[in-house]
Amino acid sequence: MKKTLKNSEVFERLHSLKPLLSRRDKIGYIAARNYRFLSNSLVEYETIRRSLIEKYGEEGKDEHGAPTYVLKMDSPNFKQFCDELAPFNEMEHEVELMTAKYDDAAGNLSGEEILAIDWMLED
């Protein structure tokens, strides 16, 4: 199904799929496919978002000890980051998404998981 979404909506949906990517069933397959399509649609947005995190964030280390940039919500620069990113959050584009039936999720996913991917489920 084709759907027009804002970058901010795509970003949220992308992250809601992460817990399902290790599944080896129909839900996992659909989640992986949607994750790939959503990721591809955010390439330019992510480039801008990362550059703003570098601009307004602080140097830190990732889980492997590699240098990275971190921007915390309590940072004095966080509002500037949000203001500069805001126009890109609102940009819309069309993405192709697969859906699953609620019946596929019932009994296979927790209530929290179903709520997180409700956008991907249909009757």
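Analysis parameters
Residues numbered from 1 in each chain as written. Predicted model: local features only at pLDDT ≥ 70, side-chain atom pairs only at ≥ 80, totals over all residues. Heavy atoms only, no water. pLDDT = per-residue confidence, 0-100. Helix = DSSP H or I, 4+ residues; strand = E, 2+ residues; numbered from the N terminus. Phe/Tyr/Trp six-rings, centres within 6.5 Å; stacked < 30°, edge-to-face > 60°. Buried < 20%, exposed > 50% of the residue type's maximum accessible area, 1.4 Å probe, protein only. Lys NZ or Arg CZ within 6 Å of the ring centre and 35° of its normal. Expected span 1.5 Å × (residues − 1). Contact = heavy atoms within 4.5 Å. Core = buried A, V, L, I, M, F, W, Y, C linked by side-chain atoms within 4.5 Å. Axes fitted to C-alpha atoms, helices over the stretch in contact; angles between N-to-C directions. Left-handed = near helix turned anticlockwise from the far one by under 90°. Nonpolar A, V, L, I, M, F, W, Y, C, P; charged D, E, K, R; others polar. Salt bridge = Lys/Arg side-chain N within 4 Å of Asp/Glu carboxyl O.

**Student:** Sorry, what's going on with the confidence of the model for the protein here?
**Tutor:** If pLDDT is low for a region, its predicted coordinates should not be looked at in detail. Averaged over all residues, the pLDDT of the protein is 95; the fraction at 70 or higher stands at 100%. Mean pLDDT in the protein bottoms out at strand E2 (residues 58-61), which sits at 90, and peaks at helix H4 (residues 78-89), which reaches 98.

**Student:** Teacher, can you tell me more about the packing of aromatic side chains here?
**Tutor:** Each aromatic ring pair is characterised by the separation of its centres together with the angle its planes make. Counted according to the given criterion, the structure contains two aromatic pairs. Here the aromatic rings of Phe 78 and Phe 81 are separated by 5.9 Å at their centres, their planes lie at 35 degrees, and the arrangement is tilted. One end of the pair, Phe 78, and the other, Phe 81, are both in helix H4, three residues apart, so they sit about a helical turn from each other. According to the relative accessible area criterion, Phe 81 is buried, its value standing at 8%. Across from the ring centre of Phe 37, 4.2 Å away, lies the NZ or CZ of Arg 33, which sits over that ring.

**Student:** Explain helix H3 (residues 43-56) here, please?
**Tutor:** Turn by turn, an α-helix covers 3.6 residues, leaving residues three or four places apart pointing in a common direction. In this model H3 runs 20 Å from its N-terminal to its C-terminal C-alpha over 14 residues, within 8% of the 20 Å that 1.5 Å per residue would give. Buried-residue contacts for H3 involve helix H1 (7-17), E2, strand E3 (67-70) and H4.

**Student:** Which parts of the structure should I look at to understand the nonpolar core?
**Tutor:** Taken as a class, soluble globular proteins show a tendency for nonpolar side chains to be buried jointly. Residues Leu 17, Leu 38, Phe 81, Ile 117 and Trp 119 are the most contacted members of the largest nonpolar core, which totals 27 residues. The set of elements that each furnish at least two residues to this core consists of H1, helix H2 (26-41), H3 and H4. The contacts of Phe 81, once residues within four sequence positions are left out, are Arg 49, Leu 52, Ile 53, Tyr 56 and Leu 71.

**Student:** What's the story with the environment of Leu 14 in this structure? I'm lost.
**Tutor:** Note on placement: Leu 14 falls in helix H1. Taking C-alpha positions, Leu 14 is 19 Å from Ile 53, a pair spaced 39 residues apart along the chain. Those residues in contact with Leu 14, other than ones at most four positions away along the chain, are Tyr 35, Leu 38, Ser 39 and Leu 42.

**Student:** Would you mind showing me how to read the packing of H1 against H2 here?
**Tutor:** The description of two packed helices rests on the angle between their axes and on the distance between the axes. Direction vectors running N to C along H1 and H2 enclose 145 degrees, while the axes themselves pass 9 Å from each other. Pair H1 / H2 crosses with left-handed handedness. In this structure, H1 contributes Val 10, Arg 13, Leu 14 and Leu 17 to the contact, and H2 contributes Ala 31, Asn 34, Tyr 35, Leu 38, Ser 39 and Ser 41. Taken together, the residues of the contact of H1 with H2 sort by class into six nonpolar, three polar and one charged.

**Student:** I'm lost on the pattern of salt bridges in this one. Help?
**Tutor:** Where side chains of opposite charge bring their charged atoms close, a pairing between them can arise. Applying the stated criterion across every chain, the model contains nine salt bridges. One salt bridge connects Glu 90 with Lys 6, and the closest N-O pair in it is separated by 2.8 Å. Pair noted here: Glu 90 is in the loop between H4 and strand E4 (92-96) and Lys 6 is in strand E1 (residues 2-6), with a separation of 84 residues, a long-range link. Take Lys 6: its relative accessible area is 26%, and that puts it in the partly exposed class. The partner of Asp 83 in a salt bridge is Lys 79, and the shortest N-O contact between them spans 2.8 Å. You can see Asp 83 and its partner Lys 79 sitting in helix H4, four residues apart, about one turn around the helix.

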